[in-house]
Amino acid sequence: MNSIESIGENIRILRLKNGFSQEQLALNAGVNTSYIGQIERGEKNPTIKTLEKISKALGIALIDLLFLVDSRGGGSKTFCSQSSAVLTPEQIKQCLLEVLIDNTNMIVDKQKSLNTKEE
(Lines give C-alpha, C1' and ligand atoms only; values in the text may rest on other atoms or scores of the structure.)
Protein backbone atom coordinates (compact mmCIF):
# COMPACT_ATOMS: atom_id res chain seq x y z
CA MET A 1 0.00 0.00 0.00
CA ASN A 2 1.50 3.36 -1.00
CA SER A 3 1.19 6.54 1.05
CA ILE A 4 -1.82 7.85 -0.90
CA GLU A 5 -3.69 4.61 -0.29
CA SER A 6 -2.62 4.68 3.37
CA ILE A 7 -3.90 8.22 3.87
CA GLY A 8 -7.16 7.32 2.13
CA GLU A 9 -7.61 4.25 4.30
CA ASN A 10 -6.84 6.31 7.38
CA ILE A 11 -9.45 8.90 6.39
CA ARG A 12 -12.01 6.12 5.90
CA ILE A 13 -11.26 4.60 9.33
CA LEU A 14 -11.38 7.98 11.08
CA ARG A 15 -14.58 8.91 9.23
CA LEU A 16 -16.26 5.70 10.36
CA LYS A 17 -14.99 6.12 13.94
CA ASN A 18 -16.63 9.56 13.93
CA GLY A 19 -19.86 8.04 12.60
CA PHE A 20 -19.77 10.11 9.40
CA SER A 21 -20.95 9.02 6.00
CA GLN A 22 -18.87 10.11 3.03
CA GLU A 23 -21.57 12.70 2.33
CA GLN A 24 -21.38 14.12 5.85
CA LEU A 25 -17.59 14.33 5.77
CA ALA A 26 -17.66 15.96 2.34
CA LEU A 27 -20.21 18.54 3.50
CA ASN A 28 -18.24 19.33 6.67
CA ALA A 29 -14.97 19.57 4.73
CA GLY A 30 -16.41 21.54 1.83
CA VAL A 31 -15.39 19.03 -0.83
CA ASN A 32 -17.28 16.90 -3.33
CA THR A 33 -18.70 13.62 -2.03
CA SER A 34 -17.31 11.56 -4.89
CA TYR A 35 -13.88 13.11 -4.27
CA ILE A 36 -13.93 11.79 -0.68
CA GLY A 37 -14.62 8.29 -2.05
CA GLN A 38 -11.81 8.60 -4.59
CA ILE A 39 -9.38 9.75 -1.89
CA GLU A 40 -10.40 6.88 0.40
CA ARG A 41 -9.80 4.37 -2.41
CA GLY A 42 -6.41 5.90 -3.19
CA GLU A 43 -7.52 6.97 -6.66
CA LYS A 44 -6.97 10.71 -6.15
CA ASN A 45 -4.00 12.63 -4.82
CA PRO A 46 -5.45 15.31 -2.52
CA THR A 47 -3.66 18.61 -2.00
CA ILE A 48 -2.40 19.60 1.43
CA LYS A 49 -5.21 22.18 1.53
CA THR A 50 -7.80 19.45 0.96
CA LEU A 51 -6.19 17.27 3.63
CA GLU A 52 -6.37 20.25 6.00
CA LYS A 53 -10.10 20.61 5.32
CA ILE A 54 -10.67 16.89 5.87
CA SER A 55 -8.63 16.79 9.07
CA LYS A 56 -10.53 19.82 10.41
CA ALA A 57 -13.86 18.15 9.57
CA LEU A 58 -12.66 15.01 11.40
CA GLY A 59 -11.57 17.10 14.38
CA ILE A 60 -7.92 16.05 14.16
CA ALA A 61 -4.60 17.66 13.31
CA LEU A 62 -3.33 17.34 9.74
CA ILE A 63 -0.31 15.34 10.93
CA ASP A 64 -2.69 12.70 12.33
CA LEU A 65 -3.60 11.74 8.76
CA LEU A 66 0.02 10.60 8.38
CA PHE A 67 -0.47 7.94 11.05
CA LEU A 68 -2.04 4.63 10.17
CA VAL A 69 -4.97 3.79 12.40
CA ASP A 70 -5.43 0.15 13.27
CA SER A 71 -9.03 -0.53 12.26
CA ARG A 72 -9.24 -3.17 15.00
CA GLY A 73 -8.57 -0.49 17.64
CA GLY A 74 -4.94 -1.36 18.31
CA GLY A 75 -3.59 2.18 18.11
CA SER A 76 -1.63 3.79 15.36
CA LYS A 77 1.80 3.76 13.79
CA THR A 78 3.53 6.15 11.45
CA PHE A 79 4.30 5.21 7.87
CA CYS A 80 6.98 7.89 7.78
CA SER A 81 10.54 7.04 8.76
CA GLN A 82 10.08 8.88 12.06
CA SER A 83 8.33 7.03 14.85
CA SER A 84 8.39 9.41 17.82
CA ALA A 85 5.12 10.30 19.53
CA VAL A 86 5.76 14.06 19.31
CA LEU A 87 7.00 15.18 15.94
CA THR A 88 9.10 18.26 15.45
CA PRO A 89 8.33 20.63 12.58
CA GLU A 90 11.32 19.18 10.73
CA GLN A 91 9.96 15.62 11.15
CA ILE A 92 6.54 16.76 9.91
CA LYS A 93 8.22 18.27 6.84
CA GLN A 94 10.06 14.99 6.29
CA CYS A 95 6.82 13.00 6.48
CA LEU A 96 5.10 15.32 4.02
CA LEU A 97 8.14 15.15 1.74
CA GLU A 98 7.96 11.35 1.78
CA VAL A 99 4.29 11.51 0.80
CA LEU A 100 5.07 13.91 -2.06
CA ILE A 101 7.93 11.72 -3.30
CA ASP A 102 5.69 8.63 -3.22
CA ASN A 103 3.02 10.56 -5.16
CA THR A 104 5.52 11.73 -7.74
CA ASN A 105 6.85 8.21 -8.20
CA MET A 106 3.32 6.88 -8.59
CA ILE A 107 2.53 9.49 -11.27
CA VAL A 108 5.80 8.82 -13.13
CA ASP A 109 5.18 5.06 -13.06
CA LYS A 110 1.61 5.55 -14.32
CA GLN A 111 2.84 7.81 -17.14
CA LYS A 112 5.52 5.28 -18.12
CA SER A 113 2.87 2.58 -18.20
CA LEU A 114 0.63 4.70 -20.43
CA ASN A 115 3.54 5.51 -22.75
CA THR A 116 4.43 1.81 -23.04
CA LYS A 117 0.84 0.92 -23.95
CA GLU A 118 0.78 3.59 -26.67
CA GLU A 119 3.89 2.16 -28.37
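What counts as what
Residues numbered from 1 in each chain as written. Predicted model: local features only at pLDDT ≥ 70, side-chain atom pairs only at ≥ 80, totals over all residues. Heavy atoms only, no water. Helix = DSSP H or I, 4+ residues; strand = E, 2+ residues; numbered from the N terminus. Buried < 20%, exposed > 50% of the residue type's maximum accessible area, 1.4 Å probe, protein only. Contact = heavy atoms within 4.5 Å. Arc of directions from axis to C-beta. Core = buried A, V, L, I, M, F, W, Y, C linked by side-chain atoms within 4.5 Å. Polar contact = N/O pair within 3.5 Å; in protein donor to acceptor, adjacent residues only side chain to side chain. Salt bridge = Lys/Arg side-chain N within 4 Å of Asp/Glu carboxyl O. Axes fitted to C-alpha atoms, helices over the stretch in contact; angles between N-to-C directions. Parallel < 35°, antiparallel > 145°, perpendicular 65-115°, else oblique. Left-handed = near helix turned anticlockwise from the far one by under 90°. Nonpolar A, V, L, I, M, F, W, Y, C, P; charged D, E, K, R; others polar.

Notes on the environment of Leu96
Inference 1: With respect to the secondary-structure elements, Leu96 resides in helix α5 (residues 89-118).
Inference 2: Taking relative accessible area as the criterion, Leu96 reaches 24% and is therefore assigned partly exposed.
Inference 3: Between the alpha carbons of Leu96 and Leu66 there is a distance of 8.2 Å; along the sequence they are 30 residues apart.
Inference 4: Those residues in contact with Leu96, other than ones at most four positions away along the chain, are Ile48 and Leu66.

Section: helix α3 (residues 33-40)
Inference 1: Listing the buried residues of α3 in full gives Ile36, Gly37, Ile39 and Glu40. One side of α3 holds all its buried residues, which, seen down the axis, span an arc of 160°.
Inference 2: Note on α3: the residue one or two positions beyond its end, Gly42, has a positive phi of about 75°.

Quick word on the nonpolar core
Inference 1: With 18 residues, the main nonpolar core has Ile11, Leu25 and Ile54 as its most contacted residues.
Inference 2: Going through the elements one at a time, α1 (3-17), α2 (22-29), α3, α4 (48-58) and α5 are the ones with two or more residues in this core.
Inference 3: With 4 residues, α4 is the single largest residue contributor to this core.
Inference 4: Residues in contact with Ile54, not counting those within four places in the same chain, are Ile11, Leu25, Ala29, Ile36 and Ile39.

Concerning the side chain of Arg15
Inference 1: Inspection of the secondary structure assignment puts Arg15 in helix α1.
Inference 2: Within the structure, Arg15 has its side chain in polar contact with the side chain of Glu40 (distance 2.6 Å).
Inference 3: Apart from the residues lying within four places of it in its own chain, the contact partners of Arg15 are Phe20, Ser21, Gln22, Leu25, Glu40 and Leu58.

Points about the pattern of salt bridges
Inference 1: Across all of its chains, the model carries 4 salt bridges by this definition.
Inference 2: A salt bridge links Glu40 to Arg15; the shortest N-O distance between them is 2.6 Å. Here Arg15 lies in helix α1 and Glu40 lies in helix α3, a separation of 25 residues in the sequence.
Inference 3: Owing to a relative accessible area of 8%, Glu40 belongs among the buried residues under this scheme.
Inference 4: In this structure Arg15 comes out as buried when scored by relative accessible area, which is 8%.
Inference 5: As a salt-bridge pair, Arg41 and Glu43 come within 3.0 Å of each other at their nearest N and O atoms.

Here we look at the packing of α2 against α3
Inference 1: Where α2 contacts α3, the two axes come as close as 8 Å, and the packing angle between them is 110°. Here α2 is positioned roughly perpendicular relative to α3, judged by the angle of their axes. The handedness of the crossing between α2 and α3 comes out as right-handed. Across the interface between the two elements, Gln22, Glu23, Leu25 and Ala26 of α2 pack against Thr33, Ile36, Gly37 and Glu40 of α3.
Inference 2: Among the residues making up the contact of α2 with α3, the classes are represented as 3 nonpolar, 3 polar and 2 charged.

Here's the deal with the environment of Asn18
Inference 1: Along the chain, the position of Asn18 falls in the loop between α1 and α2.
Inference 2: Take Asn18: its relative accessible area is 37%, and that puts it in the partly exposed class.
Inference 3: Sequence separation of Asn18 and Gly59 is 41 residues, and the distance between their C-alpha atoms is 9.1 Å.
Inference 4: Within polar-contact distance, the side chain of Asn18 engages the backbone oxygen of Leu14 at 2.8 Å.

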